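Summary of structural features
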Amino acid sequence: MWGGVLHHVINEHEWIVSIGSTGSNHCHHGPLAENADEEKEWLKKNSKAHSVLRNIIFDRRFLKKIPFYLNARDTGELENFQQQILQYASKRFAYTPPVYRARNRLAAIDHNIHYSRNINKNRHGEIMYKRIYNKKSGRWIASPLKVEKTYPHIRELKKAVIQMRLADEVGMYRPMVLEDSDPRRISANLAPVIPPPVSTLVQEQIARRS
Ligand SMILES: [Zn+2]
């Protein structure tokens, strides 16, 4: 996929000879926008820029390091954040899009605001640890215990909510208008076909059973 970049940049999205024994012979992106050609210029095959790029893509030292980076990357923080999102938006409930977005934002604020908080130390000034079980690796690890969260933003948010209510001249009893970006504007449900009336469905099902 990495080597395919050399083809992609010259507007070649399928090629005959695959790169390496397991390489693919086409780009993995979907159809390009129709005006893709106008928006950005493609490189010319074997031009200076293209051959310089080839040297970068196939740089031996760089290629050798790739497995290291792929394995060494630490997804722990990302997993923490995913857990955080689940605390705010449990999968056991259904949310409307604005509610889901708001809950994700709360999770993000919580994560960002508490991310670099201090590590807890005991009376002797030693770092305190807690045990965490990693499901993926099946191992227990010790992780530094951070000081308790303080949620300083909640107070500010509450204040802002009350201020908005007080300054709102229309009140809460107006009909709700969907935001421009609300996905329900596109479709009330995700089925690609328009649903027939319920009565028709019932008739069909009875007919099928008899
Ligand atoms: Zn491509």
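Residues numbered from 1 in each chain as written. Predicted model: local features only at pLDDT ≥ 70, side-chain atom pairs only at ≥ 80, totals over all residues. Heavy atoms only, no water.

**A look at a nonpolar patch on the surface**
Here is the rule: Candidate patch residues must exceed 30% relative accessible area and have no salt bridge, after which like charges are joined if within 9 Å and Val, Leu, Ile, Met, Phe, Trp or Tyr side chains if within 5 Å. Residue-level accessible areas treat just the shown protein chains as cover; the underlying method is Shrake-Rupley with a 1.4 Å probe. Salt bridges are defined by distance alone: a side-chain nitrogen of Lys or Arg within 4 Å of a carboxyl oxygen of Asp or Glu. Helix and strand definitions here come from DSSP, where helices need a minimum of 4 consecutive H or I residues and strands a minimum of 2 consecutive E residues; each element is numbered from the N-terminal end.
There is a patch of nonpolar side chains on the surface, built from I109, I113, Y151, I154 and L157 and spanning about 370 Å² of accessible area. Topologically, Y151 is positioned in the loop between β2 (139-144) and α7 (152-167).

**What about the coordination of the zinc ion?**
As a reminder, the rule being used: Distances up to 2.8 Å from the metal define which N, O and S atoms are donors, and 3.2 Å serves for Na, K and Ca; water is absent from the atom set, so sites may look incomplete. Note on geometry labels: four donors, all angles 85 to 135 degrees, give tetrahedral; four donors become square planar and six octahedral when opposite donors are over 155 degrees apart and every other angle is between 65 and 115; remaining cases are irregular. The buried label goes to any residue with under 20% of its type's maximum accessible area, the exposed label to any with over 50%, and the partly exposed label to all in between, with areas taken from a 1.4 Å probe on protein chains only.
Within the protein, H8 (ND1), H13 (ND1), C27 (SG) and H29 (NE2) serve as the donor atoms for the zinc ion, at 2.0 to 2.2 Å. The coordination sphere of the zinc ion comprises four donor atoms, whose angles at the metal cover 100 to 118°; the geometry is tetrahedral. For the zinc ion, the donor residues sit on a single chain with the sequence spacing H-x4-H-x13-C-x1-H. Owing to a relative accessible area of 12%, C27 belongs among the buried residues under this scheme. A relative accessible area of 35% places H29 in the partly exposed class.

**Remarks on the packing of aromatic side chains**
When we look at a pair of aromatic rings, we describe it by the centre distance and by the angle of the planes. This is how the line gets drawn: When the centres of two rings from Phe, Tyr and Trp lie within 6.5 Å, Trp using its six-membered ring, the rings pair. Their planes under 30 degrees apart give stacked, over 60 give edge-to-face, and anything left gives tilted. To sit over a ring, a charge needs its Lys NZ or Arg CZ within 6 Å of the ring centre and within 35 degrees of the ring normal.
Taken as a whole and assessed by the stated rule, the structure comprises three aromatic pairs. On the basis of an interplanar angle of 45° and a centroid distance of 5.7 Å, the ring pair of W2 and F62 is categorised as tilted. Here W2 is found in the segment before α1 (5-8), whereas its partner F62 is found in helix α4 (residues 60-72), with 60 residues between them in sequence. Residue classification places F62 among the partly exposed residues on the basis of a relative accessible area of 36%. Ring centres of Y133 and W140 lie 5.3 Å apart, and the angle between their planes is 55°; on these two criteria the pair is classed as tilted. Take Y133: its relative accessible area is 44%, and that puts it in the partly exposed class. On the basis of relative accessible area, W140 is assigned to the exposed category, the value being 56%. Sitting over the face of the ring of Y115, K146 holds its NZ or CZ atom 5.5 Å from the ring centroid.

**Structural notes on the domain arrangement of the protein**
Bring the parts together and some accessible area is lost; that lost area is often taken as the interface size. For clarity, the cut-off: Bear in mind that the domain bounds are from an automatic or database domain assignment. Pairs of residues are marked as contacts when any of their non-hydrogen atoms sit within 4.5 Å. In short, buried area is how much 1.4 Å probe accessible area vanishes from two parts on joining, totalled over both.
Taken domain by domain, the protein consists of domain 1 (5-72), domain 2 (75-116) and domain 3 (120-167). In this assembly, nine residues from domain 2 lie in contact with nine residues from domain 3. Together domain 2 and domain 3 conceal approximately 690 Å² of surface at their shared face, both sides included; 55% is due to carbon and sulfur atoms. The largest per-residue losses of area from domain 2 upon contact with domain 3 belong to E79, I113 and H114, which jointly make up 51% of the total buried on that side.

**A closer look at the pattern of salt bridges**
Evaluation of the coordinates by the stated rule reveals six salt bridges. In this structure, K149 and D110 form a salt bridge, with 2.9 Å as the shortest nitrogen-oxygen distance. Here K149 is found in the loop between β2 and α7, whereas its partner D110 is found in helix α6 (residues 97-114), with 39 residues between them in sequence. A relative accessible area of 1% places D110 in the buried class. Note that R208 and E204 form a salt bridge whose closest N and O atoms lie 3.9 Å from each other. Of this pair, R208 and E204 both sit in helix α8 (residues 198-209), separated by four residues, roughly a single helical turn. The exposure class assigned to R208 is exposed, which follows from its relative accessible area of 64%.

**Points about the packing of helix α5 (residues 76-88) against α6**
Where we set the bar: For every element, the axis is a line fit to its C-alpha atoms; helices are fit only across the contacting stretch, and the angle between N-to-C directions ranges from 0 to 180 degrees. Any angle between 65 and 115 degrees counts as roughly perpendicular, while under 35 counts as roughly parallel, over 145 as roughly antiparallel, and the rest as oblique. Rotating anticlockwise by less than a right angle from the far helix to the near helix defines a left-handed crossing, while the corresponding clockwise rotation defines a right-handed one.
Where α5 meets α6, the axes come as close as 8 Å, and the angle between the chain directions of the two elements is 135°. Put simply, α5 runs oblique to α6. At the point where α5 passes α6, the crossing takes the right-handed sense. Counted together, E77, F81, Q84, I85 and Y88 of α5 and R103, N104, L106, A107, A108, D110 and H111 of α6 form the full contact between these two elements.

**Digging into the environment of S137**
With respect to the element layout, S137 can be found in the loop between β1 (129-134) and β2. Separated by 129 residues in the primary sequence, S137 and H8 have C-alpha atoms spaced 37 Å apart.

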